[in-house]
Every structure is written in C-alpha cells, then in structure tokens.
Number of protein chains: 2
Amino acid sequence: MHDSLPACDQAHMARALRLARRGLFSTHPNPRVGCVIVAADGEIVGEGWHVRAGEPHAEVHALRQAGARARGATAYVTLEPCSHHGRTPPCAEALVEAGVARVVAAMQDPNPQVAGRGLQRLRAAGIAVTCGVLEAEARALNVGFVKRMEQGLPYVRVKLAMSLDGRTAMASGESQWITGPQARAAVQRLRARSSVVISGADTVLCDNARLTVRPDELEVDAEQAALAAARPPLRVLVDGQLRVPLTAAFFRAGPAMVACCEDDGRGADYQAGGHVLLPLPRGDGHVDLRLLLAELAAAGANEVLVEAGPRLAGAFAREGLVDEYRIFMAPQLLGSTARPLLDWPLAQMSEAPQLDIREIRAVGRDWQIVARPV
Amino acid sequence: MHDSLPACDQAHMARALRLARRGLFSTHPNPRVGCVIVAADGEIVGEGWHVRAGEPHAEVHALRQAGARARGATAYVTLEPCSHHGRTPPCAEALVEAGVARVVAAMQDPNPQVAGRGLQRLRAAGIAVTCGVLEAEARALNVGFVKRMEQGLPYVRVKLAMSLDGRTAMASGESQWITGPQARAAVQRLRARSSVVISGADTVLCDNARLTVRPDELEVDAEQAALAAARPPLRVLVDGQLRVPLTAAFFRAGPAMVACCEDDGRGADYQAGGHVLLPLPRGDGHVDLRLLLAELAAAGANEVLVEAGPRLAGAFAREGLVDEYRIFMAPQLLGSTARPLLDWPLAQMSEAPQLDIREIRAVGRDWQIVARPV
C-alpha cells in the first residue's frame, strides 16, 4: 500500500483532468477521461486521454506509455475504469494485468453498465481504491454524459446574446453582431463541445444561420481545432411547419436533422439532401421539445446547445428544459422597444424564475454570464 | 534632496489615498484628501485626512502629528495643497513653515482658485515637488469634485435594479426587493457618498420611497456610519406637476428640494415644511434636468445619484446627462412583458448607445455592473 498525501492525489488528479479536457471537442458520445500513472517514487510514468469513441480509453494510453513501470504504481483516472466489453476491452482488467498497486478515481461511472463494478473488480484483485478526489470538477467536465446516464436527457445550454438592457434585437429584427469577436469564438467553442446544436426556423430564416463549427474561429491550438473539425456536432432544426426551404444556407452547410410536427410528404426531399426528418408532434402545432431531447439522448447526445431566438429559447425555458444559460452581454443599450431576451410573459413576481448566476467574466468587450435555474 | 524610489512614492501615496477615502461620506462639498508625512529615514511621522468642510485640511492634521519631525520630511498629499485662504489658511504655507523638503502630490487641484498655484508656492520656497503619482486613483476618488471644477456639472450616477433579462418591475408595477440585502447596503453607500440623491414622482408615489441614508444599513464601521449620519445627502424630487403630496413619507423624512415646472402657489406650503421649491421649466411640461444639475453644482454638489424609475432615469439617459450606470442585477427572470430598464425607444441599431462596462462584481447573490457611456 502507498502512503500518498491527499495533496499529491489532488495534484495528480488535476493533471488527469487537464488531460481529459483535451477530449472536450472529440469524445462524443463518450465522456472525456484522462489518466496519469505515478510510480512509487513519485515519478509520472504514463499519461493518456481518451480521444474519440472506438479508440483506446485513457487508461490504455497511459499504461502503454508506462510499460513495466506501471507495476506497483498508482493510476489516477478521472472516471471509474470500465468493467464491460464495449468497442474496447475493459480498462479495469488492463489495470489489474499491469499490476498497479492503487487506483484513484475522481468519480464513479454513472453509466449503469459500470456503476461501481469497475472499482469492485479492482478491489477484488487486491488493488487499493480511492474514489471521490476532485469529484465536483470531474462531474462538471462530463456534465452532459452524467445527466444522460442518470436521467436519460442531455444537458441543455441555452446561448443568448443580449444588450445590457436585456434585449436581443431591435423591434425590426435587426440584430447581427451585437457581440464582438472574442464572444463569437466562445460561442464556437460551446458549439464544438456540444453533441448537438439546436436552432429554430426564425433564426435560420432571418439570420441565414448555418450553426456550423468553424475550426479557425475557435481560438484553440491546432490539435484541438483538428479534433473539433473531425467531429462536428449534429445540427438540429426545430421547424414545426417545415418553413425553411432546403435551399437555405443551413441545409447547404451539411446534413442536418429537422424536428417537425408531421412529414408532409417531403421526407424524401430531405433524405435526398442527406437530412433526417423527425416528426415529433405535441398535438398543439408545436414540436414536443422534451421528446426531442429524449430522442437525442437515446442517440448519445450529452451536451446540447440551443441557439435560437426568443420564441424557441423561451419555449425551452417555459417547459423547464434548460440546465444552463450562457448569456453574452454586449456593452450597449438597445432600448425599451427592442426584442426581449426570452418570449416568456409573466404576470406576478411570485412566478419569476429564480436563477443562480454562477459566473460572469469578461470576454473581450462583452461579458459572459453563466446562470442555472434553481 | 531626497532619493525616494518611485515604488516607495506609490506605496506612501496609496496609504494617503486610503486615508482620504475615510472622508468618502463627509467632505462634501470639499474633495476627499489624505496626507502622509515620511521622515528622511523612511518612518511615517504624520498622517491626516480631511473630515468635513470648515475643519482642517489633511495636511494640517498630518503636520500637527509630525510636529518638529516634519522638517526635512516628504509630504504625500492626494491633491495639490491649497494656496488660497478659504475657511482655513492655505496648506502650501503650512508645509513651507513646517520645513518639509519634498512634496509629492497625486494630482493638481482642478479648482481654478488653486490650479497649480499651490505647487508653485512650494517650489518658490525651495521645496522639491513631484506631481502625478497615482493620479488616476486620485481623480477617481474625487470624480465628482473634478467634474464640477472642470465642467460646472456634478458627476451623475444612475442606480438601477434589474433582473437578468433587463426588467425593473412587473407590468403591474410590482417590484420591491428584487435585489438582496448586500445590494441594498451597496445602494446605501452610494447614497451616503453622494452630495445629492434625485428621485422622481413615480418612485416616491408608487414605492413610498424616502431615499434617506440609514446609517445602520451601510455595513461600514461605526466612525464611517457616524460621519454618514452627520452629513446626509440633499434629497431632490423631480415632480414637474407637483403630484407628490406633502404628506408623503419622502417629505416626512426630512427637508427636501422639489424641482418643478412652476410654483403653483403652494411654495409657502413646501417652505413651511422645510422644503425648497425650485421651478425649472423647460417649456415642454418637463423639468429642465441639465439646468437642475447646473444649479446643484453651483450649490456645491459633486456626486449626484439618480434613483428613479425607467421614465426619469430614461430622461437623464436620453439627454446625455449620465456619467455612470450602477446596475444591480438580480438572479431572476421577470419575463417579456415586464417593465424595461429605461424608457428609451430606439428604432435602429445605429442609434444604440455604446457603453464601457468597467466592472461586474458579485454583491451577495446579486451582481453590480458599473458602466459608462462612451
């Protein structure tokens, strides 16, 4: 048994989390995972991170690098090692075979196929196991994967761009570029980390929006940009009445999914263009957004970014489907006749939704607000 | 001559600025000034700050404390020492008589009665003079005094409380307590540092507002609270048509000034209650706000705080009279039918006023935004 100081455990786990974060744009539908292997003398002998689904897990990369020096070492992993045969063999077995003496995991795997069985397997093999080091940070890194495993729904971020007085556009609809280049780069990174980007017919029609990731605008290093380019998020258009023509820039930018109320017979046209039509009627002329999210989760979506106008974003909000608001606030006033942040009429203060503003930080001349419903 | 390192100059001036700040609530209409006297061996031998108008200036307090040890010392003052006989004798003379070898001033006095003559007097007496150490900080501490001296107008802050979606109240007018206790304490400190607090008839009628300083809510130490209690800001009500009855809580809370369009014959009633009626018609049924500010500056007002509803605050904004917004943002959504931040209809984005958001900081569960028009 090793006598590692908790401070050392935290430092090594922090390093493993930094490695895991390199998979931010690419591991979908898998979680981001990092691994650090530390020999008994404190030397780091192996490091690894999961790059993309179907390729080796973080532990495998790290064990390969460590080779024989893994024997008697401590392995730090940001997520409980898997115990099941998926597209790759179970990592718990690999750690046992390599002869590590101790495994420190940040958190148990919320995947019901694992759910503690990976740690059990390690303990059964006589390996010392610690779980829960930097757990909050590890959960935050995979907030979408955790929610999907626990609730069968993705983690939904709603991105909004507003003026200091809470307006998204002039009454006329005039709106583009209210935020600056750094804020737009931050939005690009939000898109790139998401499994799915959802938009609405208004946004696609009025702003000619494509909702694509443009790797050269991410403001990340070349490796990260390449990973983002290789794994673009699925673009989903909520278009109940199929108002957006297939000639729109949104459709010309690549294959997309369209959530609608009914297939009016044009399904084959969408299919011919490489798109998928998904009828999800709610019976009131609107798309069933909760069902849409459940379908997306079933297809592996961890994090969903909603980039839409006040109407669709307001619908997600009113239906209680928002986990997090990312509001980019521009330093200007659009005035009292401009469009609201969300279409959400409320009569009394007792109905006013309370939020927890987690963070406000400068992004160029704009400010990014992270808020969650409470 | 002394060989002070610039770093030492800055450290001593920073100390003098901290002393000056103790007069934040009490020096009106004078500027806040601090003074530190440092002997040749580096020992601080005297400290002082200006407490209130009519009482000794900072330099006099510091020289008294230093006594004979002021001879050959360096005096750090946050504002150029005065050269004129006001209610107290000129400080430049006092420094010469005390035999200081060097004077470091943060900034020249913007008062046209001084304007460099204090420093000239010192140089003429053979004293080494440095001016401009931590000048930006010194100007910020007396932003209102500087503006009044340079432009004949006070520095106007507009305090607003809004939800995350930029709304100040429900459509019904329901609004009180949208921000928490720490934000309210911050507003109390903004009132206490101001020469004048301006409000409007809507606010006073609907919210039953008194706009007083409540020293026990300032969340400052006992000395500061006592200074604030002894020098309350003048409360000014903009009430063009004299809609607010003299029985309102606002008038019962103490003497006030009322800016109106005309004295309808009730001037004597106001006067009997200890209030002053000031007719400032602009000819369109509204009070001339620019003229009001000029009148207040002529009476010595340095900093003015506008605490009003969207209509009056919007009028100050539309007329270009706002130097700084202090927006307290509560973590909630009031929805798309709630009242706007400012009544300021704009048709095109090209008309949208640009701001510089200087600072956003957490105040309890709320956030304070400091923004200035650019």
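What counts and what doesn't
- Residues numbered from 1 in each chain as written.
- Chains lettered and ligands numbered in written order.
- Predicted model: local features only at pLDDT ≥ 70, side-chain atom pairs only at ≥ 80, totals over all residues.
- Heavy atoms only, no water.
- UniProt positions renumbered as here; feature names shortened; annotations may be inferred.
- Helix = DSSP H or I, 4+ residues; strand = E, 2+ residues; numbered from the N terminus.
- Contact = heavy atoms within 4.5 Å.
- Buried < 20%, exposed > 50% of the residue type's maximum accessible area, 1.4 Å probe, protein only.
- Arc of directions from axis to C-beta.
- Polar contact = N/O pair within 3.5 Å; in protein donor to acceptor, adjacent residues only side chain to side chain.
- Pairing = 2+ DSSP bridges.
- Right-handed = clockwise from strand over helix to strand, strands pointing away.

1. Overview of the UniProt feature "domain: CMP/dCMP-type deaminase" (unreviewed entry) in chain A
Inference 1: Mapped onto this structure's residue numbering, the UniProt feature "domain: CMP/dCMP-type deaminase" (unreviewed entry) falls at residues 7-130 of chain A.
Inference 2: Each end of residues 7-130 of chain A is marked by a C-alpha atom, and these two atoms are 14 Å apart; helix forms 32% of the span and strand 18%.

2. Some remarks on the UniProt feature "binding site: substrate" (unreviewed entry) in chain A
Inference 1: In this structure's numbering, the residues bearing the UniProt feature "binding site: substrate" (unreviewed entry) are S175(A), R191(A), T203(A), L211(A), R214(A) and E307(A).
Inference 2: Tracing the backbone through its elements, the reader meets S175(A) in the loop between strand 6 (155-163) and helix 7 (181-193).
Inference 3: Those residues in contact with S175(A), other than ones at most four positions away along the chain, are T168(A), A169(A), D207(A) and M349(B).
Inference 4: Along the chain, the position of R214(A) falls in the loop between helix 8 (201-206) and helix 9 (222-230).
Inference 5: Filtering out sequence-adjacent residues up to four positions away, R214(A) remains in contact with Q188(A) and R191(A).

3. Some remarks on helix 12 (residues 289-298) of chain A
Residues and elements named next belong to chain A.
Inference 1: Those residues of helix 12 lying buried are L289, L292, L293, L296 and A297. On an axial view of helix 12, the arc spanned by its buried residues comes to 135°, and they lie on one face.
Inference 2: If you check the start of helix 12, you find a side-chain oxygen 3.3 Å away from the backbone N of R290, and it comes from D288.
Inference 3: Positive phi appears at G300, one or two residues downstream of helix 12, with a value of about 100°.

4. Focus: the pairing of strand 11 (residues 276-279) of chain B
Residues and elements named next belong to chain B.
Inference 1: Looking at chain direction, strand 10 (residues 257-260) and strand 11 are connected through four bridges and run parallel. In the strand pairing of strand 11, V258 is matched with L277.
Inference 2: Chirality of the crossover, the property in question, places the unit of strand 10, helix 11 (residues 267-272) and strand 11 among those that are right-handed.

5. Looking at the pairing of strand 3 (residues 74-77) of chain A
Residue and element names in this part refer to chain A.
Inference 1: Because side chains alternate across strand 3, one face comprises the buried residues T74 and Y76, and the other comprises A75 and V77, equally buried.
Inference 2: Relative to strand 3, strand 1 (residues 34-38) runs antiparallel, the two being bridged by four bridges. Bridging from a neighbouring strand, I37 pairs with A75 of strand 3.
Inference 3: In this structure, strand 3 lies alongside strand 4 (residues 102-105), joined through four bridges in parallel fashion. For T74, the partnering residue across the bridge sits in strand 4 and is R102.

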